[in-house]
Amino acid sequence: MQAEEKFTYETWPAAPEKATLEAKNKFLGFWFFLGGETVLFATLFATYLALKDKVPNAEAALAKDIFEIPLAFAATMLLLTSSLTSVYAMYHMKNFNFKKMQMWLGLTVLLGALFLALEIYEFNHYVHKFEHTFTSSAFGSAFYTLVGFHGGHVAFGLAWIITLMVRNSKRGLNLYNAPKFYVASLYWHFIDVVWVFIFTVVYLMGMVG
Amino acid sequence: MANQQPSSGNPRVDIEYRRKKSAEEMRYQIVSFTLMIFLTIVAFVAVGYEGFSGWFTVPFILLLAVIQVIFQLYYFMHMSHKGHEAPALFLYSGVAVGAITILAFTTIIWW
(Lines give C-alpha, C1' and ligand atoms only; values in the text may rest on other atoms or scores of the structure.)
Protein backbone atom coordinates (compact mmCIF):
# COMPACT_ATOMS: atom_id res chain seq x y z
CA MET A 1 0.00 0.00 0.00
CA GLN A 2 1.65 3.20 -1.11
CA ALA A 3 1.11 6.64 0.33
CA GLU A 4 0.41 8.42 -2.97
CA GLU A 5 -1.86 5.72 -4.40
CA LYS A 6 -5.32 6.80 -5.58
CA PHE A 7 -8.19 5.28 -3.67
CA THR A 8 -11.94 4.89 -4.02
CA TYR A 9 -14.50 4.34 -1.33
CA GLU A 10 -14.30 0.60 -2.09
CA THR A 11 -10.51 0.30 -1.82
CA TRP A 12 -9.93 2.72 1.09
CA PRO A 13 -8.46 0.70 4.00
CA ALA A 14 -10.47 0.32 7.20
CA ALA A 15 -7.75 1.94 9.37
CA PRO A 16 -6.08 4.51 7.07
CA GLU A 17 -4.44 6.21 10.05
CA LYS A 18 -2.26 3.11 10.55
CA ALA A 19 -2.07 1.67 7.03
CA THR A 20 1.53 2.65 6.17
CA LEU A 21 4.75 2.30 8.18
CA GLU A 22 5.06 6.08 8.43
CA ALA A 23 1.50 6.25 9.74
CA LYS A 24 2.21 3.58 12.38
CA ASN A 25 5.29 5.49 13.52
CA LYS A 26 3.38 8.77 13.64
CA PHE A 27 0.62 7.19 15.69
CA LEU A 28 3.08 5.73 18.23
CA GLY A 29 5.25 8.84 18.38
CA PHE A 30 2.29 11.13 18.85
CA TRP A 31 0.93 9.14 21.78
CA PHE A 32 4.40 9.23 23.34
CA PHE A 33 4.29 13.01 22.97
CA LEU A 34 0.85 13.09 24.60
CA GLY A 35 2.29 11.19 27.60
CA GLY A 36 4.88 13.97 27.89
CA GLU A 37 2.20 16.64 27.54
CA THR A 38 0.33 15.00 30.40
CA VAL A 39 3.36 15.49 32.64
CA LEU A 40 3.82 19.07 31.43
CA PHE A 41 0.26 20.04 32.29
CA ALA A 42 0.38 18.10 35.58
CA THR A 43 3.35 20.19 36.73
CA LEU A 44 1.48 23.38 35.79
CA PHE A 45 -1.60 22.17 37.69
CA ALA A 46 0.59 21.28 40.69
CA THR A 47 2.13 24.77 40.66
CA TYR A 48 -1.28 26.39 40.36
CA LEU A 49 -2.68 24.36 43.27
CA ALA A 50 0.33 25.25 45.44
CA LEU A 51 0.10 28.97 44.62
CA LYS A 52 -3.67 29.42 44.41
CA ASP A 53 -4.84 32.53 46.31
CA LYS A 54 -1.27 33.37 47.37
CA VAL A 55 -1.52 37.17 47.06
CA PRO A 56 0.63 39.95 48.54
CA ASN A 57 -2.11 41.90 50.34
CA ALA A 58 -5.72 41.71 51.52
CA GLU A 59 -7.04 43.92 48.67
CA ALA A 60 -5.84 41.57 45.92
CA ALA A 61 -8.58 39.53 44.23
CA LEU A 62 -8.84 35.82 45.06
CA ALA A 63 -10.11 32.96 42.89
CA LYS A 64 -13.63 33.17 44.34
CA ASP A 65 -13.80 36.90 43.49
CA ILE A 66 -12.83 36.69 39.83
CA PHE A 67 -14.32 33.48 38.38
CA GLU A 68 -17.91 33.41 37.17
CA ILE A 69 -20.07 30.49 36.08
CA PRO A 70 -21.46 31.85 32.74
CA LEU A 71 -18.06 32.55 31.18
CA ALA A 72 -16.51 29.23 32.24
CA PHE A 73 -19.63 27.36 31.12
CA ALA A 74 -19.71 29.00 27.68
CA ALA A 75 -16.01 28.25 27.09
CA THR A 76 -16.51 24.63 28.17
CA MET A 77 -19.47 24.10 25.84
CA LEU A 78 -17.56 25.58 22.88
CA LEU A 79 -14.55 23.33 23.37
CA LEU A 80 -16.58 20.21 24.17
CA THR A 81 -18.67 20.67 21.01
CA SER A 82 -15.54 21.22 18.93
CA SER A 83 -14.33 17.83 20.17
CA LEU A 84 -17.51 16.25 18.78
CA THR A 85 -17.17 18.00 15.42
CA SER A 86 -13.64 16.66 15.04
CA VAL A 87 -14.99 13.17 15.81
CA TYR A 88 -17.41 13.69 12.89
CA ALA A 89 -14.51 14.78 10.69
CA MET A 90 -12.63 11.53 11.44
CA TYR A 91 -15.81 9.53 10.78
CA HIS A 92 -15.92 10.99 7.26
CA MET A 93 -12.18 10.47 6.83
CA LYS A 94 -12.66 6.76 7.50
CA ASN A 95 -15.55 6.72 5.01
CA PHE A 96 -13.33 8.42 2.36
CA ASN A 97 -15.51 11.51 2.19
CA PHE A 98 -13.01 14.35 1.86
CA LYS A 99 -15.52 17.20 1.43
CA LYS A 100 -17.49 16.34 4.55
CA MET A 101 -14.28 15.84 6.53
CA GLN A 102 -13.12 19.33 5.49
CA MET A 103 -16.54 20.76 6.39
CA TRP A 104 -16.48 19.31 9.93
CA LEU A 105 -12.85 20.33 10.42
CA GLY A 106 -13.86 23.85 9.40
CA LEU A 107 -16.58 23.81 12.04
CA THR A 108 -14.03 22.57 14.62
CA VAL A 109 -11.75 25.47 13.74
CA LEU A 110 -14.63 27.92 14.04
CA LEU A 111 -15.58 26.68 17.53
CA GLY A 112 -11.92 26.66 18.60
CA ALA A 113 -11.51 30.24 17.39
CA LEU A 114 -14.61 31.31 19.36
CA PHE A 115 -13.15 29.66 22.45
CA LEU A 116 -9.88 31.53 21.98
CA ALA A 117 -11.70 34.85 21.48
CA LEU A 118 -13.63 34.25 24.71
CA GLU A 119 -10.39 33.51 26.55
CA ILE A 120 -8.81 36.74 25.31
CA TYR A 121 -11.87 38.67 26.47
CA GLU A 122 -11.66 36.86 29.83
CA PHE A 123 -7.98 37.68 30.45
CA ASN A 124 -8.59 41.29 29.45
CA HIS A 125 -11.54 41.44 31.85
CA TYR A 126 -9.46 40.09 34.78
CA VAL A 127 -6.60 42.50 34.11
CA HIS A 128 -8.80 45.60 33.91
CA LYS A 129 -11.50 44.82 36.44
CA PHE A 130 -9.53 43.02 39.16
CA GLU A 131 -5.95 44.07 38.37
CA HIS A 132 -5.24 40.37 38.27
CA THR A 133 -2.13 40.24 36.06
CA PHE A 134 0.78 37.92 35.40
CA THR A 135 2.97 39.90 37.79
CA SER A 136 0.42 41.02 40.39
CA SER A 137 0.82 37.90 42.55
CA ALA A 138 2.08 34.30 42.64
CA PHE A 139 -1.57 33.34 42.13
CA GLY A 140 -1.72 35.47 38.97
CA SER A 141 1.51 33.98 37.56
CA ALA A 142 0.37 30.41 38.19
CA PHE A 143 -3.10 31.08 36.75
CA TYR A 144 -1.94 32.74 33.52
CA THR A 145 0.80 30.16 33.00
CA LEU A 146 -1.58 27.21 33.29
CA VAL A 147 -4.58 28.63 31.42
CA GLY A 148 -2.36 30.52 28.97
CA PHE A 149 -0.41 27.37 28.11
CA HIS A 150 -3.68 25.67 27.33
CA GLY A 151 -4.79 28.66 25.23
CA GLY A 152 -1.45 28.45 23.42
CA HIS A 153 -2.19 24.80 22.63
CA VAL A 154 -5.59 25.82 21.24
CA ALA A 155 -3.93 28.45 19.02
CA PHE A 156 -1.34 25.95 17.83
CA GLY A 157 -4.04 23.33 17.17
CA LEU A 158 -6.03 25.82 15.09
CA ALA A 159 -2.98 26.76 13.03
CA TRP A 160 -2.18 23.07 12.55
CA ILE A 161 -5.67 22.07 11.38
CA ILE A 162 -6.01 25.12 9.10
CA THR A 163 -2.63 24.38 7.53
CA LEU A 164 -3.61 20.75 6.87
CA MET A 165 -6.94 21.82 5.37
CA VAL A 166 -5.37 24.40 3.06
CA ARG A 167 -2.38 22.33 1.97
CA ASN A 168 -4.51 19.28 1.13
CA SER A 169 -7.55 21.11 -0.24
CA LYS A 170 -6.85 20.06 -3.86
CA ARG A 171 -5.20 16.74 -3.06
CA GLY A 172 -8.13 14.84 -1.62
CA LEU A 173 -7.66 11.96 0.78
CA ASN A 174 -4.84 9.44 0.46
CA LEU A 175 -2.62 7.47 2.81
CA TYR A 176 -0.12 10.34 2.85
CA ASN A 177 -2.46 12.82 4.51
CA ALA A 178 -5.02 10.65 6.33
CA PRO A 179 -2.61 9.97 9.26
CA LYS A 180 -1.86 13.71 9.44
CA PHE A 181 -5.54 14.55 9.85
CA TYR A 182 -5.95 11.75 12.40
CA VAL A 183 -3.02 12.89 14.55
CA ALA A 184 -4.22 16.52 14.47
CA SER A 185 -7.63 15.37 15.69
CA LEU A 186 -5.99 13.41 18.54
CA TYR A 187 -4.20 16.62 19.54
CA TRP A 188 -7.48 18.50 19.48
CA HIS A 189 -9.15 15.92 21.75
CA PHE A 190 -6.20 16.09 24.12
CA ILE A 191 -6.68 19.86 24.41
CA ASP A 192 -10.25 19.14 25.45
CA VAL A 193 -9.05 16.57 28.03
CA VAL A 194 -6.83 19.23 29.60
CA TRP A 195 -9.69 21.74 29.55
CA VAL A 196 -11.94 19.34 31.50
CA PHE A 197 -9.42 19.50 34.35
CA ILE A 198 -8.96 23.26 33.97
CA PHE A 199 -12.67 24.05 34.23
CA THR A 200 -12.95 21.67 37.20
CA VAL A 201 -9.79 22.51 39.14
CA VAL A 202 -9.35 26.19 38.28
CA TYR A 203 -12.85 27.58 37.69
CA LEU A 204 -15.24 25.35 39.62
CA MET A 205 -12.91 24.67 42.59
CA GLY A 206 -12.00 28.36 42.52
CA MET A 207 -15.65 29.33 42.90
CA VAL A 208 -16.11 26.84 45.74
CA GLY A 209 -13.31 28.69 47.55
CA MET B 1 -3.44 -3.56 -2.43
CA ALA B 2 -6.89 -5.05 -2.18
CA ASN B 3 -5.40 -8.37 -1.07
CA GLN B 4 -4.07 -6.68 2.08
CA GLN B 5 -7.58 -6.10 3.34
CA PRO B 6 -9.63 -8.79 4.95
CA SER B 7 -11.78 -9.63 1.97
CA SER B 8 -14.51 -12.15 1.51
CA GLY B 9 -13.97 -11.95 -2.25
CA ASN B 10 -17.08 -9.83 -2.48
CA PRO B 11 -16.18 -6.20 -1.79
CA ARG B 12 -19.81 -5.18 -1.30
CA VAL B 13 -20.04 -7.39 1.77
CA ASP B 14 -16.99 -5.75 3.37
CA ILE B 15 -18.33 -2.29 2.60
CA GLU B 16 -21.63 -3.14 4.21
CA TYR B 17 -19.83 -4.53 7.26
CA ARG B 18 -17.62 -1.48 7.53
CA ARG B 19 -20.52 0.92 7.15
CA LYS B 20 -22.33 -0.90 9.94
CA LYS B 21 -19.24 -0.77 12.17
CA SER B 22 -18.80 2.99 11.57
CA ALA B 23 -22.46 3.66 12.28
CA GLU B 24 -22.19 1.66 15.51
CA GLU B 25 -19.07 3.54 16.56
CA MET B 26 -20.75 6.84 15.79
CA ARG B 27 -23.63 5.82 18.06
CA TYR B 28 -21.18 5.18 20.94
CA GLN B 29 -19.59 8.58 20.31
CA ILE B 30 -22.94 10.37 20.37
CA VAL B 31 -23.77 8.63 23.66
CA SER B 32 -20.34 9.66 25.05
CA PHE B 33 -20.88 13.25 24.00
CA THR B 34 -24.32 13.38 25.60
CA LEU B 35 -22.87 11.95 28.82
CA MET B 36 -19.98 14.42 28.77
CA ILE B 37 -22.36 17.37 28.39
CA PHE B 38 -24.56 15.94 31.15
CA LEU B 39 -21.58 15.48 33.55
CA THR B 40 -20.42 19.03 32.80
CA ILE B 41 -23.85 20.48 33.59
CA VAL B 42 -24.05 18.44 36.83
CA ALA B 43 -20.62 19.78 37.89
CA PHE B 44 -21.62 23.41 37.21
CA VAL B 45 -24.96 22.98 38.99
CA ALA B 46 -23.26 21.36 42.01
CA VAL B 47 -20.98 24.40 42.32
CA GLY B 48 -23.78 26.89 41.72
CA TYR B 49 -26.03 25.28 44.34
CA GLU B 50 -25.49 26.86 47.77
CA GLY B 51 -26.66 23.85 49.79
CA PHE B 52 -23.50 21.72 49.34
CA SER B 53 -20.35 22.29 51.37
CA GLY B 54 -16.94 22.37 49.71
CA TRP B 55 -16.06 19.06 51.35
CA PHE B 56 -18.70 17.39 49.22
CA THR B 57 -18.50 19.50 46.03
CA VAL B 58 -14.74 19.32 45.39
CA PRO B 59 -14.31 15.50 45.44
CA PHE B 60 -17.62 15.18 43.57
CA ILE B 61 -16.67 17.45 40.65
CA LEU B 62 -13.19 15.89 40.47
CA LEU B 63 -14.83 12.46 40.12
CA LEU B 64 -17.10 13.80 37.35
CA ALA B 65 -14.04 15.23 35.54
CA VAL B 66 -12.23 11.87 35.69
CA ILE B 67 -15.27 10.01 34.32
CA GLN B 68 -15.64 12.55 31.52
CA VAL B 69 -11.97 12.28 30.57
CA ILE B 70 -12.23 8.46 30.42
CA PHE B 71 -15.06 8.83 27.88
CA GLN B 72 -13.00 11.32 25.90
CA LEU B 73 -9.93 9.04 25.84
CA TYR B 74 -11.65 5.72 25.15
CA TYR B 75 -14.33 6.83 22.68
CA PHE B 76 -13.27 10.15 21.11
CA MET B 77 -9.58 9.22 21.02
CA HIS B 78 -10.35 5.56 20.21
CA MET B 79 -8.36 4.02 23.07
CA SER B 80 -11.06 1.35 23.30
CA HIS B 81 -9.89 0.05 19.90
CA LYS B 82 -7.36 -2.73 19.44
CA GLY B 83 -3.69 -1.75 19.04
CA HIS B 84 -3.69 0.89 21.77
CA GLU B 85 -1.46 -0.94 24.26
CA ALA B 86 1.54 1.35 23.70
CA PRO B 87 -0.57 4.55 23.83
CA ALA B 88 -2.07 3.33 27.12
CA LEU B 89 1.42 2.67 28.52
CA PHE B 90 2.62 6.15 27.48
CA LEU B 91 -0.45 7.93 28.76
CA TYR B 92 -0.67 6.13 32.10
CA SER B 93 3.07 6.61 32.71
CA GLY B 94 2.47 10.33 32.19
CA VAL B 95 -0.51 10.23 34.52
CA ALA B 96 1.54 8.44 37.22
CA VAL B 97 4.37 10.98 37.10
CA GLY B 98 1.84 13.82 37.00
CA ALA B 99 -0.10 12.46 39.98
CA ILE B 100 3.05 12.21 42.10
CA THR B 101 4.00 15.78 41.14
CA ILE B 102 0.57 17.12 42.12
CA LEU B 103 0.61 15.13 45.37
CA ALA B 104 4.05 16.53 46.24
CA PHE B 105 3.17 20.14 45.40
CA THR B 106 -0.09 20.10 47.34
CA THR B 107 1.14 18.26 50.46
CA ILE B 108 4.84 18.68 51.19
CA ILE B 109 5.24 22.22 49.82
CA TRP B 110 3.76 25.01 51.89
CA TRP B 111 4.45 28.64 52.62
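What you are looking at is a predicted structure, and each value in this text was computed from that prediction instead of being measured.

A. Representation of the overall build of chain A within the structure. Broken down by element type, chain A carries six helices and zero strands. With respect to the principal axes defined by its C-alpha atoms, chain A has extents near 65 × 30 × 25 Å. Across the 209 residues of chain A, 43% fall into the buried class.

B. Representation of the environment of Leu44 of chain A within the structure. Residues and elements named next belong to chain A. Mapped onto the elements, Leu44 comes out in helix α1 (residues 21–51). Residue class for Leu44 comes out buried when judged on the 21 C-beta atoms lying within 10 Å of it. Contact partners of Leu44, with chain neighbours within four places excluded, come to Thr145, Leu146 and Phe149.

C. Seen up close, helix α3 (residues 85–107) of chain B. With 23 residues, α3 of chain B extends 33 Å from end C-alpha to end C-alpha; this agrees with the ideal 33 Å at 1.5 Å per step. Buried positions along α3 of chain B lie against α1 of chain A.

D. Broad picture of the confidence of the model for chain B. All names here are of chain B. Per-residue pLDDT for chain B averages 87, and the proportion of residues at 70 or more is 86%. For chain B, helix α1 (residues 11–48) is the element with the lowest average pLDDT, namely 89, and α3 is the one with the highest, namely 96. Both scores are given for the predicted complex: the pTM is 0.92, the ipTM 0.90.

E. Representation of the interface of chain A and chain B within the structure. Chain A puts 44 residues into the contact, and the matching count from chain B is 45 residues. Listing elements by their share of the side of chain A that touches chain B, those giving two or more residues are α1, α3 (69–94) and α6 (178–208) of chain A. Examining the composition of the side of chain A that touches chain B, we find that 15 residues originate from one element, α1 of chain A, more than from any other. When the residues that make up the side of chain A that touches chain B are grouped by side-chain class, the tally is 27 nonpolar, 12 polar and five charged.

F. Summary view of helix α5 (residues 138–167) of chain A. All names here are of chain A. Helix length check: α5, at 30 residues, gives a terminal C-alpha distance of 43 Å against a target of 44 Å (1.5 Å per residue), a fit within 8%. Those residues of α5 not exposed but buried are Phe139, Gly140, Ala142, Phe143, Tyr144, Leu146, His150, Gly151, Val154, Gly157, Leu158 and Ile161. Where α5 is buried, its residues contact α1, α4 (98–130) and α6.

G. Quick look at the environment of Lys180 of chain A. Mapped onto the fold, Lys180 of chain A is located in helix α6. Here the alpha-carbon distance between Lys180 of chain A and His92 of chain A, two residues 88 residues apart in the chain, equals 14 Å.

H. Quick peek at unusual backbone geometry. At Phe96 of chain A, a position not held by glycine, the phi torsion is positive, near 60°. Tracing the backbone shows Phe96 of chain A in the loop between α3 and α4.

So, how was this worked out
- Residues numbered from 1 in each chain as written.
- Chains lettered and ligands numbered in written order.
- Predicted model: local features only at pLDDT ≥ 70, side-chain atom pairs only at ≥ 80, totals over all residues.
- Helix = DSSP H or I, 4+ residues; strand = E, 2+ residues; numbered from the N terminus.
- Buried ≥ 20, exposed ≤ 12 C-beta atoms within 10 Å, placed from the backbone.
- Contact = placed C-beta atoms within 7 Å.
- Expected span 1.5 Å × (residues − 1).
- pLDDT = per-residue confidence, 0-100.
- Nonpolar A, V, L, I, M, F, W, Y, C, P; charged D, E, K, R; others polar.

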